[in-house]
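Residue-level structure breakdown
As a plain string of letters, each chain reads:
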Amino acid sequence: MLKKLTFIAFQLVVAMTIHAQFAVLPPDQFLPHKIGTQFTDHASLVDYYRHVDNNSDRVKVIEFGRTWQQRPQILAIVSSPENLQRIEEIRLNNLRSAGVLPGTSTQSNPITIVWLGFSVHGNEAAGSEASMPVLYQLAMGGNPEINEWLKNTVVLIEPSVNPDGYSRYTDWYRQASSALPDPATAAREHDEPWPRGRVNHYKFDLNRDWAWATQIETQNRLKVYNDWLPHVVADLHEQGYNDPYYFAPAAQPYHKYLTKWQTDFQVEIGRNHAKYFDRNGWLYFTKEVFDLFYPSYGDTYPCYNGAIGMTYEQGGIGAGRAVNLHNGDTLTLADRVAHHTSTALSTVEIASKNAARLVQNFADFYQNSLNSPPGEYKSFIIKSTNPPSKIKAFAKQLDRLGIQYGKVGKVPTGVSGYDYTTGQEAKFAVGENDLVVSAYQPKGLFAQILLEPEHAIVDSNTYDITAWSLLHAHGLEAFACKLRIDPASLGYDFAKQTNSQPANTYAYLAAWNSMDAARLLADWAKHDIVCRYAEAAFRLDGKDWPAGTLIATRADNRKLKNFDAVAQAAANRLGLPLVAAQTGFVDAGHDFGSDAVKLIKTPKVLVLSGEKTWNNEYGQVWFYFDKDIEYPATYVDAERLGRLELKDYNVIVLPEGNYDFNEASLEKLGSWVNEGGKLIAIGEANTALADKKGFSLAKFAKSGDKDVTLSEDDRHALDHRTALYKDRSRSSLSDFNPGAVVRAKMDITHPLAFGLKPYYFSLKTSGLRYDLLKEAWNVGYLEDNYKSHGFIGANVKKLLRNSAVFAVQDKGRGQVVYLIDNPLFRSFWEEGKLLFSNALFLVN
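A brief report on the enclosed structure follows.

Thoughts on the pattern of salt bridges
With the rule as written, the count across this model stands at 35 salt bridges. One salt bridge in this structure joins Arg66 and Glu63, with 2.7 Å as the shortest N-O distance. By relative accessible area, Glu63 is classed as partly exposed at 38%. Salt-bridge contacts for Arg208 lead to Asp464; the nearest nitrogen and oxygen are separated by 3.3 Å. With a gap of 256 residues between them, Arg208 in the loop between helix H8 (163-176) and helix H9 (216-228) and Asp464 in the loop between helix H15 (444-451) and helix H16 (470-473) connect regions that are remote in the sequence. You can call Arg208 buried: its relative accessible area is 12%. A relative accessible area of 4% places Asp464 in the buried class. Each of the salt bridges in this network shares a partner with another, and the network as a whole consists of Glu124, Arg198, Asp205, Arg208, Asp464 and Arg826.

Below, the structure written as structure tokens:
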């Protein structure tokens, strides 16, 4: 399959004949193997980049962070020797042209900046392998045409976007494979075990994390990305090994805020790639599958920050070093490396040849955002009456993304706008301490994309969530208005909270209204502080406290040394105010010794893991305990459930997955719940409990409903008897939900909903649907006329009416918590984390 490469692929054999006059070794001579014959371990990959850095005046390698497993994240900065000598000046001038730094660019000759990111999914490893010959070709200095490119181009190469996942895959592969590659698809080397190298340490998909920045790799990357703001970004992936190569232009839907330049130039880049693929007889496709809508991809995030962002996909997942294809050919690792090398260098070439246009249109993008942002809503007001810790968490996310905000200052009157709580246009009062995000800023377009409640979608055939407003995600009281409202100054002062209470305090009180409250409770539990919560609202010393308020009394903790110091230390670290109560005798409501002030059981948590769970979704649970609340849990393969002694745990969490519990396992779980355990099932895990003896969850609450659904399915099938074959990919869209936000009605008198509003905006990422439960508490559900944001297929939307979203079954002395929607999805839905914290701590 691998033919003689054209100039753009730059045969390594040719390079080797001329490298002797330079100090830089080609990767084939530096590594213990030739590129394309074996996978390179991450340490050797980094060593090669450092070798080039030490021996080329065209390359500077920086380490910009460390992964969760402490592997280095590196970036190679490549340009002409003259440009590297003034690289900081070039970088700063680019930021000035974007308006994120004050002043005017002094760059006389346009210099474009290209970012090449390889193997964000670690088991798509041909990308990282290709990054080495790409670096060598750019760095060796022996090719006049490349030298010409680098005169007006800075190339930023991230050779391994996911070092931990890349290491998991490549280490496994070298152990699992034979000396000679086995192309038989049944071979062990093509059957990577769970959790697979696609994901990072916490099993997150880093290609979905760019805008949410929950993972340390992303947080580190955004710092250096925003320090550069490149003009062209290529994100090099792999896909199923039978698929031909994919490159730009992207498929619809494009977000309507993308500029004509951004969409048109993708075509130019694609034509440049096609020139070389045509010449070599390599198969490829464009304008299909991979769209530009969801804002947290490695191509869309750059697009929404002014770049030409693109995904490239080489067939190769699971291919190892060689695999047999459906067409009778054999795909080798060397083939995959050659294809990626070609598109990477072609990207640099086309960028260099259009440097002036790229630089000008990049500057225009930011100027338009600053002076004429495209969206309907020009300002986003976050009320100061929100819990301070919620506002702080929101502001922290904006800081990571480089989006500006500040206090309102001068208060406009007669303002109306979109109310994120009700979903209606309404008049509202703007306060001087409210936080405002104005769209009139360099990253105003990006702010609109992340904050607006709804986004027009020109093609519903997309493969990721279609609604994502961070204002819904953070559960904030907020408004979007069409009026321009600028902050008086940038930034927002958060008062430093220091608690120092008298030693004779009767009890400490903390409001339960944010994730910081959950972190406080988790810290207290780790330090053996006994805590209660108020089951109903009460008044004490003239102050009203809502249901869910945490109450740590001296009476419950009389044996605990340094009770006051320990209680205050966690609150001070989190910046949470504690109120010292001098009495348990309340003005209204229940006194602190009442049965209505519930003792919180210290959770002893067991989380199921392994092949039966979905790696991303398991990781979301792991990350919640490990990083969100820093609370211990035990993780056990689901296959071991039948052999486990469950009496050591009082909480079992079932992450999303495909469980096939047998009757004995279900009976064991049911008996454990009856004896006082709490079982929390998330998303698809609920299917393992639905319609099973002892569990209230049922697909149909009434026997006749199943027949009605079947008849509707029959009608749907009859209506599609004359459907056109060419429409087959779209014929099922009415039964499809790629991911949307739905407004669920909540019973805020139930502990599962404490700290939430009467309506909760839930991310619904599938068509999973259950009737309202009988003999259980339907804490969150969709009403008959429920509101939604984003695309939901017509049939699915209808079916979801009057369905359960969150429910609690009291079973014996325990509970089963059914979370039909996953509140921990991708770990960016802050309000969902609070709901899960309710399930963990307060439901008992």
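Brief notes about unusual backbone geometry
Here the amide bond leading from Trp194 into Pro195 is cis, since omega sits at 5 degrees, within 30 degrees of zero. For Pro195, the position within the fold is in the loop between H8 and H9. With an omega dihedral of 10 degrees, the bond running from Gln252 to Pro253 counts as a cis peptide bond. Within the secondary structure, Pro253 sits in strand E7 (residues 251-254). Positive phi, close to 50 degrees, is recorded for Asp541, a residue that is not glycine. Within the secondary structure, Asp541 is located in the loop between strand E22 (538-540) and strand E23 (543-545). A relative accessible area of 61% means that Asp541 is categorised as exposed. Located in the positive-phi region is Glu630, a residue other than glycine, with phi close to 50 degrees. Checked against the element boundaries, Glu630 lands in the loop between helix H19 (615-628) and strand E28 (634-637). Using a relative accessible area of 44% as the deciding quantity, one classes Glu630 as partly exposed.

Quick word on the packing of aromatic side chains
One pass over the full model with this rule turns up 54 aromatic pairs. Taking 5.8 Å as the distance between ring centres and 80 degrees as the angle between the ring planes, the aromatic pair formed by Phe538 and Phe592 counts as edge-to-face. Note that Phe538 is positioned in strand E22 and Phe592 in the loop between strand E25 (579-581) and strand E26 (597-599), a separation of 54 residues in sequence. The same class applies to Phe538 and to Phe592, which are both buried. With centroids separated by 4.9 Å and ring planes inclined at 80 degrees, the aromatic side chains of Tyr624 and Phe836 adopt a geometry described as edge-to-face. On the criterion of sequence distance, the pair formed by Tyr624 in helix H19 and Phe836 in helix H23 (residues 830-842) is long-range, its members being 212 residues apart.

A closer look at the environment of Asp464
With 301 residues separating them along the chain, Asp464 and Thr765 place their C-alpha atoms 8.6 Å apart. With residues near it in sequence (within four places) discarded, Asp464 still touches Arg208, Tyr294, Tyr297, Pro738 and Arg826. Only 2.8 Å separates the side chain of Asp464 from the side chain of Arg826, close enough to count as a polar contact.

Things to note about the layout of surface pockets
In this structure, the largest pocket occupies an estimated 890 Å³ of space. Lining the largest pocket are 34 residues, with Lys396, Arg400, Arg519, Asp628 and Glu830 sitting closest to its centre. Listing elements by their share of the lining of the largest pocket, those giving two or more residues are H9, helix H14 (388-401), helix H17 (515-526), helix H18 (563-574), H19 and H23. Sort the elements by how many residues they give to the lining of the largest pocket and H14 lands first, with seven residues. Residues belonging to the lining of the largest pocket are distributed by class as follows: twelve nonpolar, seven polar and 15 charged.

Analysis parameters
Residues numbered from 1 in each chain as written. Predicted model: local features only at pLDDT ≥ 70, side-chain atom pairs only at ≥ 80, totals over all residues. Heavy atoms only, no water. Salt bridge = Lys/Arg side-chain N within 4 Å of Asp/Glu carboxyl O. Buried < 20%, exposed > 50% of the residue type's maximum accessible area, 1.4 Å probe, protein only. Helix = DSSP H or I, 4+ residues; strand = E, 2+ residues; numbered from the N terminus. Phe/Tyr/Trp six-rings, centres within 6.5 Å; stacked < 30°, edge-to-face > 60°. Contact = heavy atoms within 4.5 Å. Polar contact = N/O pair within 3.5 Å; in protein donor to acceptor, adjacent residues only side chain to side chain. 1 Å grid on protein atoms, 1.4 Å probe; cavity = no way out; pocket = protein on both sides within 12 Å on 5 of 7 lines; lining within 4 Å. Points joined across faces, edges and corners; volume = space filled by probe spheres on them. Nonpolar A, V, L, I, M, F, W, Y, C, P; charged D, E, K, R; others polar.

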